[in-house]
Amino acid sequence: MTHRSPGRELLSLFTLRTVAGQVFCFVLGLVLLLITGAAVALVLQGRSDSLQEARLRTLSVAETLAHSPGIVAALDSKNPTAILQPRAEQIRRQTHVDVVVVASPQGIRYTHSDPALIGKHLVGPYKEALAGKSFTRTFSGSLGPSVNSLVPVNRPDGSVAGLVSVSLTDQSVNSVANRSIPLGIAVAVSAAAVTTGGAALVSRRLRRQTHGLGPAEMTRMYEHHDAVLHAVREAVLIVGADHRLTMANDEARRLLALPPDAEGRAVADLGLAPDTAELLVSGRTVTDEVLRVGSRLLAVNLRPTDEHGGPPGTVATLRDTTELRKVTGRAELIHERLLLLYEAGARIGTTLDVGRTAQELADVASSGFADVTSVDLADLALPGDEPTTPDSAPLDMRRTAIAATDPDQPLYSIGRLVGFVPSRTRAMRVNIAEAGLGPEVITQLGWRYWDPERASKILDYGFHSVLSVPLHARGVILGLVNFWRAGNSDPFDEDDQSFAEELVARAAVSVDNARRYTREHEMAVTLQRSLLPRDLPEQNALDVAHRYLPARAEVGGDWFDVIPLSGARFALVVGDVVGHGLHAAATMGRLRTSIHNFSALDFAPDELLGHLDELVSRIDQDEAAGGGAEIAGAGCLYAIYDAVSGNCSVARAGHPGPVLVLPDGSVEVPEVPVGLPLGIGGMPFEAAEFHVPEGSRLVLYTDGLLESRDRDIDAGLELLRATLAGRDRTPEETCDDVLDAMLSGPPTDDVAILVARTRTLDPNQVAQWAVATDPAAVAGVRKNVAQWLSERGLDEEAFTTELILSELVTNAVRYGTGPIEVRLLYDRSLICEVSDTSNTSPHLRYAATTDEGGRGLFLVAQFAERWGTRYTETGKVIWSEQTVGGSGTEDD
């Protein structure tokens, strides 16, 4: 391509031989004409506006002076000039007018900017002003052509006292308009320059697009281009940058079956196959890429159109190569099978679910290999067990997955029990269109439980070929995969059999992995559930409901518990071991057992978590020494509810705090100091105590309830509070509502939730007495106890209770320190408590035959169902618990 110098390129714009030169000259002449007319109109309009402004200014100044205060008196004075001349000059300077004249009714000037003219007559007519009318006129005065306004000065009686004349010379008027002329000229010149430059750019671009050709040359070139384009026997298409078809020749319309109005339409709207449309708009550079369009094979070449200065887009040429189909068919089949194997690797085994994996295998095979694919798995493999059968015995299998292009196919549906004799591990293909589905063929395939009526339906449907491949892994038959073809599809051949074996072998690994995972998951879930409480203790202080949901992938170490304590108190526990699998479940069982043991010692919540933290640290040390897996931390919340006072004491270690739902439906989150997870060590735990009104619901949960992929913990807590608020619900209903609101599907982490509705003992069920530190006070206690029991119909328990309290009070008087108190609690059982301020705990022992004492606690242990000691902030409490209405204690 030749390059012109800038000077020659500029001169070419003014020649009329080219289309670009003609356009440039026309645009330039039109622009100059418009700019000239606009400039003349601008000047005339400026003169007119300036004259109108002068008229208004002179008239307003004259009327202002004529109506100003004191002017009438000045006119009637002996020397009007002395008064009015300074005022008129001041007004003239302030208003930027040329002349301000005040005259008598006879036209004699009292003021003038030229003192020589004072005392002389006004120039021009002023009779209209004497008649009381203001007017404006243009005249030639002493200062030249001027705009003059006259306004009469009227006395209060209506007579004319004088005249006010204000003039603005033509020079002043024109100066206003003349100031806009340079701006107008500058704008006109700028517009002409910009328009000329724009016309030059447009003409230059047009010259480049037309390559400097004239109209006749362009017409001749188009005729030659059109003749060649439509005569060539190769499809040519041009696609613009906006993915619209710009041009298509006759061969392209024939090969692609384009509609008559194809040009100008989007390629996606031309009815082409998706792969064809995608290739045409891809913008790639392609050389002889084979594209199937209907029954044709087209060789496609794509090149960009803007490599040599053309517009952006793509030119495509297509050549019909259908005669090469037989040569390329084999390679294409191999390519399709490789793609199918690649797709199988990506789609099969996406989950660790046996049934889902089998369905993925069926879906992949039916998408490009078989018309119908069925997968039958051994009954034992579905729950995760390894299928085993005696030699030559049928293996019970169940139809697990099926995929078909036609949903009305006659094969067995999912869930039907079928059978297979595992005597072969290789695939077998049968042309049933020739051999049929008689007993010999069925025996050869190893199928059992076959229905002859079903075989007749299969043949009537049009199935002509079946390929049966055992699904096995690690030497164990897991199932059977059957591929079916019907209609016009080709029967299975040796290549198909090899491909099917490869496909099933790859899928068998995923099925076996899913089976083994299912077995391990079920074992972990079974272990987890066996370690959780099966039945909660019967009691009247709490109405408890609970839920436990294992994780979708792996079971974790979440647990919950309700532990009865002494004195009508109950411990509520939830916890979470970090990690998943059997190790987490086993660790959970160890921690739960340890909490039961620590609870038996009646530790406070913070003290119990401290002991549990030490235990977890020791377990971690033992595991590390033995090369095992460490716990890596565990969370736990331990709460003690007292049914007598209605108070709840809570401590937590790296665990979410409780939620309290009050009887009125409002929701509170009590402030409970959070400690480090168990096993971290180094920091003590703190407990918080708060009152729980009767009828409230305490909601304890693990973090799996709050955490989710689509929300954080704070958002989960707000959702939990919103779910719990409102209407009153039973604990069972609360558990169901919370799980429905918080979980949209199977949880990704274990979820444990414990809901307890609180009750308090009626005051009539509680008795309390202070006891003096005197052995004689024991008799008074026995009397009070007997009376209190008699009032409640517990006369049968009086003897045992008096005996127990006698021993406990006597021990407190002898070995403890005051004050001493006795408390009786009557719920499901009868509880006796004796408290003092001593920290010395009594011990049960066998007294020798020669000992005078030492048998008190032995008697208490014999007559009470349970007994023990718990320590308080001020001392200790020795308690015993009796079953009301139980076996007679007198026989014991």
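Presented here is an overview of the structure given in this document. Quantities reported herein were computed from a predicted structural model and do not represent experimental measurements.

## Brief notes about the overall build of the protein chain
Piece 1. In terms of regular secondary structure, the protein chain is built from 22 helices and 32 strands.
Piece 2. Counting all 892 residues of the protein chain, 45% fall into the buried class.
Piece 3. For the protein chain, long-range pairs separated by at least 24 residues make up 60% of all intrachain contacts whose partners lie at least 6 apart in sequence.
Piece 4. Counting only carbon and sulfur atoms, one obtains 54% of the accessible surface of the protein chain, whose full area is about 45000 Å².

## Quick word on empty space enclosed by the protein
Piece 1. One pass over the structure, following the stated rule, counts two cavities of 30 Å³ or more.
Piece 2. The wall of the second largest cavity is formed by twelve residues, among which D376, R399, W447, W450 and N482 lie closest to the centre.
Piece 3. Elements with a minimum of two residues in the lining of the second largest cavity: strand 10 (372-378), strand 12 (417-420), strand 14 (447-448) and strand 16 (476-486).
Piece 4. Here the element with the most residues in the lining of the second largest cavity is strand 16; it accounts for three residues.
Piece 5. Its residues placed into classes, the lining of the second largest cavity shows six nonpolar, three polar and three charged.

## Regarding the pattern of salt bridges
Piece 1. Scanning the entire structure with this criterion turns up 26 salt bridges.
Piece 2. For R254, the salt bridge is made with E251, and the minimal N-O distance between the two is 2.5 Å. Residue R254 and its partner E251 are located together in helix 8 (residues 250-256), separated by three residues, close to a single helical turn.
Piece 3. Its salt-bridge partner being R729, residue D737 comes within 3.0 Å of it at the nearest N-O pair.
Piece 4. For D737, a relative accessible area of 21% corresponds to the partly exposed category.
Piece 5. Among the charged side chains, a network of salt bridges with common partners joins E234, D288 and R319.

## Here's the deal with the side chain of R399
Piece 1. Mapped onto the elements, R399 comes out in strand 11 (residues 395-404).
Piece 2. When residues no more than four places from it in sequence are discounted, the contact partners of R399 are S374, V375, D376, L411, Y412, S413, I414, G415, R416 and V418.

## Here we look at the nonpolar core
Piece 1. One finds W559, L572 and Y638 to be the most contacted residues of the largest nonpolar core, which totals 57 residues.
Piece 2. It is strand 20 (residues 634-642) that provides the largest number of residues to this core, a total of seven residues.
Piece 3. Listed in part, the 34 residues of the second largest apolar core include L361, A362, F369 and A403.

## Observations concerning helix 18 (residues 713-724)
Piece 1. Taking 1.5 Å per residue as the helical rise, helix 18 with its twelve residues ought to reach 16 Å, and the 16 Å between its terminal C-alpha atoms agrees with that figure.
Piece 2. Restricting attention to buried positions, one finds in helix 18 the residues G716, L720, T723 and L724. In an axial view of helix 18, the angular spread of the buried residues amounts to 90°, which keeps them on one side of the axis. Within helix 18, the exposed residues directed more than 90 degrees away from the buried face are D714 and A722.
Piece 3. Positive backbone phi, at 105°, marks G726, one or two positions downstream of helix 18.

## Details of a nonpolar patch on the surface
Piece 1. A surface patch of nonpolar side chains, about 340 Å² in accessible area, is lined by F26, L30 and L34.
Piece 2. Looking at the element boundaries, F26 is found in helix 2 (residues 19-66).

## Digging into unusual backbone geometry
Piece 1. A positive phi angle, close to 65°, is found at H243, a residue other than glycine.
Piece 2. With respect to the secondary-structure elements, H243 resides in the loop between strand 5 (235-240) and strand 6 (245-248).
Piece 3. Note on H243: relative accessible area 39%, which makes it partly exposed.
Piece 4. Notably, A257 is not glycine yet its phi reads approximately 55°, a positive angle.

## What to know about the packing of aromatic side chains
Piece 1. Applying the stated criterion across every chain, the model contains six aromatic pairs.
Piece 2. Both rings, one in F369 and one in F483, keep their centres 5.4 Å apart while their planes meet at 85°; by these two values the pair is edge-to-face. With F369 in the loop between helix 11 (354-366) and strand 10 and F483 in strand 16, this pair connects stretches of sequence that are 114 residues apart. The two residues F369 and F483 agree in class, both being buried.
Piece 3. A ring pair is formed by F369 and F492, whose centres lie 5.5 Å apart and whose planes are at 40°; its orientation type is tilted. Of this pair, F369 sits in the loop between helix 11 and strand 10 while F492 sits in the loop between strand 16 and helix 15 (494-531), placing them 123 residues apart in sequence.

## Topic: the packing of helix 18 against helix 19 (residues 731-742)
Piece 1. Taken N-terminus to C-terminus, the directions of helix 18 and helix 19 make an angle of 140°; their axes are 10 Å apart at the nearest point. Between helix 18 and helix 19, the crossing angle belongs to the class labelled oblique. Where helix 18 crosses over helix 19, the two elements pack in a sense that is right-handed. Note on element contacts: helix 19 touches helix 18 through T734, D737, V738, A741 and M742, opposite G716, L719, L720, T723 and L724.
Piece 2. Its residues assigned to classes, the contact of helix 18 with helix 19 comprises six nonpolar, three polar and one charged.

About the thresholds
- Residues numbered from 1 in each chain as written.
- Predicted model: local features only at pLDDT ≥ 70, side-chain atom pairs only at ≥ 80, totals over all residues.
- Heavy atoms only, no water.
- Helix = DSSP H or I, 4+ residues; strand = E, 2+ residues; numbered from the N terminus.
- Buried < 20%, exposed > 50% of the residue type's maximum accessible area, 1.4 Å probe, protein only.
- Contact = heavy atoms within 4.5 Å.
- Areas by Shrake-Rupley, 256 points an atom, 1.4 Å probe, with all protein chains shown as cover.
- 1 Å grid on protein atoms, 1.4 Å probe; cavity = no way out; pocket = protein on both sides within 12 Å on 5 of 7 lines; lining within 4 Å.
- Points joined across faces, edges and corners; volume = space filled by probe spheres on them.
- Nonpolar A, V, L, I, M, F, W, Y, C, P; charged D, E, K, R; others polar.
- Salt bridge = Lys/Arg side-chain N within 4 Å of Asp/Glu carboxyl O.
- Core = buried A, V, L, I, M, F, W, Y, C linked by side-chain atoms within 4.5 Å.
- Expected span 1.5 Å × (residues − 1).
- Arc of directions from axis to C-beta.
- Patch = residues over 30% accessible without salt bridge, like charges linked within 9 Å, V, L, I, M, F, W, Y side chains within 5 Å.
- Phe/Tyr/Trp six-rings, centres within 6.5 Å; stacked < 30°, edge-to-face > 60°.
- Axes fitted to C-alpha atoms, helices over the stretch in contact; angles between N-to-C directions.
- Parallel < 35°, antiparallel > 145°, perpendicular 65-115°, else oblique.
- Left-handed = near helix turned anticlockwise from the far one by under 90°.

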